[in-house]
Amino acid sequence: MLKKLFSRRLSSTKAPQASLPAGERLYAIGDIHGRLDLLQQLIRTIEEDDAARAPMDSTILFLGDLVDRGPESAQVVSYLLGLKQRRAPERTRFLLGNHEEVFLAAAAGDEKALRFFTKIGGRETILSYGISEERYGALDYPELLTEFQARVPVEHRAFITSFDDIIVLGDYAFVHAGIRSTEPLAAQRPKDLRWIREGFLDVTAPFEKVIVHGHTIVPDVEELPNRIALDTGAYRSGKLTAMGFEGSQRWVLSAVQK
C-alpha cells in the first residue's frame, strides 16, 4: 500500500543562500523511471503543499528519466502529457534525461540504440507499450525495433522531443545529470547535461549557479554548497522525491511505498 510521506524542511544552514526571483515557486522532481504509482502520489502531495501556501503561479519541473526500469513508463508519459494539458504549459517543464535520449533514438529506428536501450532498463519500457514478455523474448532485434516503433504513439515522441536540456531560474540551474565544471553554462554540451558524473560530482568549488540534478542515485536528498541531488532511486527504493523552492527557502516532499 502506498502512503504519502509529507516532509517539509528548510535547507541546512551550511547551504548557500541561493534564491528564486520574487513571485516564483517551483517544485523539482527527481528521476521517476516508470513509477506511475509514486508519481501520482507525489503530484497530489505537491498540489496540497502548493495550496497550503500563499497563492502563486507555481511551476513543476521534471529533471528527466521518466522512463525505463520501472513497470509503467508508457503510462507515466501519458499521465504527464495530461498534467501539462491541465496546467499552464509554461508552468510544467521537462528536462531530457539520458534514458529519454536513448528512447528517442530507438523509437526513431536506430537498432544500435535499441540494443543499448534493452541493457539500461528499456525492456520494461518496451513491455509497458503493450508487447508481452513472451513476444519480447521471441523477437530478434530488427523485429523488436519494428514493433516498438509501431507501438510508441507519435504524441509521445513529440512530447519527449520537446524537452529542454537546461533551465536557469534565479540562482539555480536545473539539469538532468550535471555540468562540465570547466565550461560556462551557456556552452554546456547536451551529452554532459544528460550523462556526466566524473568531472561534476567530484567538484567542490562553486559553480556559476547552484546545480539541481538527478541521474545519480542518493539515499536522501543531498544538499551541497554547489549542487543539490534529487534522484532517490524511485524504481528500486520505492521513494520518489521533489524539492520545493521559493525565495531563499527549500523544502522536501516525498512519496514513499510502504
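That block above? That's the structure.
The residue numbering used here restarts from 1 in each chain and proceeds along that chain's sequence as written. Restriction of local features to residues with pLDDT of at least 70 applies here, the model being predicted, together with a cutoff of 80 or more for giving and counting side-chain atom pairs; totals for whole chains, interfaces and linings are based on all residues. With hydrogens and water set aside, each side-chain value is computed from the structure's full complement of heavy atoms.

Novice: Help me out: how do you make sense of the overall build of the chain in this one?
Specialist: Secondary structure counts use DSSP, requiring at least four H or I residues in a row for a helix and at least two E residues in a row for a strand, with both numbered from the N terminus. A count of helices and strands for the chain gives 10 helices and 11 strands. Throughout, radius of gyration means the C-alpha value; the globule benchmark is 2.2 Å times the number of residues raised to the power 0.38. Relative to its length of 258 residues, the chain is compact, with a C-alpha radius of gyration of 18 Å against a globular reference of 18 Å. Within the chain, buried positions represent 53% of all 258 residues. Throughout, a contact is declared for two residues whenever any of their heavy atoms are within 4.5 Å. A sequence separation of at least 24 residues applies to 66% of the contacts in the chain between residues at least 6 apart. A 1.4 Å probe and the Shrake-Rupley method give the accessible areas. Residues count as covered only by the protein chains that appear here. Summing over all exposed atoms, the chain offers an accessible surface of approximately 11300 Å²; the carbon and sulfur share of this is 51%. None of His or the chain ends enter the tally, which takes Lys and Arg as positive and Asp and Glu as negative. Throughout, a charge is located at the NZ atom of Lys, the CZ atom of Arg, the CG atom of Asp or the CD atom of Glu. Counting 33 positive and 36 negative side-chain charges, the chain places the centres of these two groups 4 Å from one another. In this scheme, a residue with accessible area under 20% of its type's maximum is buried, one over 50% is exposed, and one in between is partly exposed, where area comes from a 1.4 Å probe on protein chains only.

Novice: Could you clarify how one ought to interpret the nonpolar core in this entry?
Specialist: Side chains that are nonpolar tend, in soluble globular proteins, to be buried together. For this analysis, a nonpolar core means a set of buried residues of the types Ala, Val, Leu, Ile, Met, Phe, Trp, Tyr and Cys, connected via side-chain atoms within 4.5 Å. Formed by 48 residues in total, the largest nonpolar core has its most connected members in I29, I32, F62, L66, L80, F103 and F148. Not counting the four nearest positions on each side in its chain, I32 is found in contact with L39, F62, G64, D65, L66, V76, L80, A234 and L240. Counting 18 residues, the second-largest nonpolar core is a separate cluster that includes L26, L63, F174 and F245.

Novice: It is not clear to me how the packing of helix α2 (residues 73–86) against helix α8 (residues 154–161) should be interpreted in this structure. Could you clarify?
Specialist: Running from amino to carboxyl end, α2 crosses α8 at an angle of 70 degrees, the nearest separation of the two axes being 11 Å. As summarised for this structure, α2 and α8 are arranged roughly perpendicular, according to the angle between their axes. Relative to α8, α2 is oriented so that their crossing is left-handed. Contacts between α2 and α8 pair A74, V77, S78, L80, L81 and K84 from the former with E155, H156, F159 and I160 from the latter. Note that Gly is not counted as nonpolar here; it falls among the polar residues with everything else outside the nonpolar set of Ala, Val, Leu, Ile, Met, Phe, Trp, Tyr, Cys and Pro and the charged set of Asp, Glu, Lys and Arg. Taken together, the residues that form the contact of α2 with α8 break down as 6 nonpolar, 2 polar and 2 charged. Between N-to-C directions, angles span 0 to 180 degrees; the directions come from axes that are lines fitted to C-alpha atoms, helices contributing only their stretch in contact. Orientation labels follow simple angle bins: below 35 degrees gives roughly parallel, above 145 gives roughly antiparallel, 65 to 115 gives roughly perpendicular, and whatever is left gives oblique. Crossings are sorted by hand: turned counterclockwise from the far helix by less than a right angle, the near helix makes the crossing left-handed, and turned clockwise it makes it right-handed.

Novice: When you look at the pattern of salt bridges in this model, what are you seeing that I'm missing?
Specialist: Close approach of charged atoms allows side chains with opposite charge to pair. When a carboxyl oxygen of Asp or Glu is within 4 Å of a side-chain nitrogen of Lys or Arg, the pair counts as a salt bridge. Counted by the stated rule, this structure contains 19 salt bridges. The partner of R123 in a salt bridge is E133, and the shortest N-O contact between them spans 2.8 Å. Here R123, found in helix α5 (residues 122–128), pairs with E133, found in helix α6 (residues 133–138); they are 10 residues apart in sequence, far enough to count as distant. Since its relative accessible area comes to 27%, R123 is described here as partly exposed. Through salt bridges with shared partners, a single ionic network connects R25, D50 and E246.

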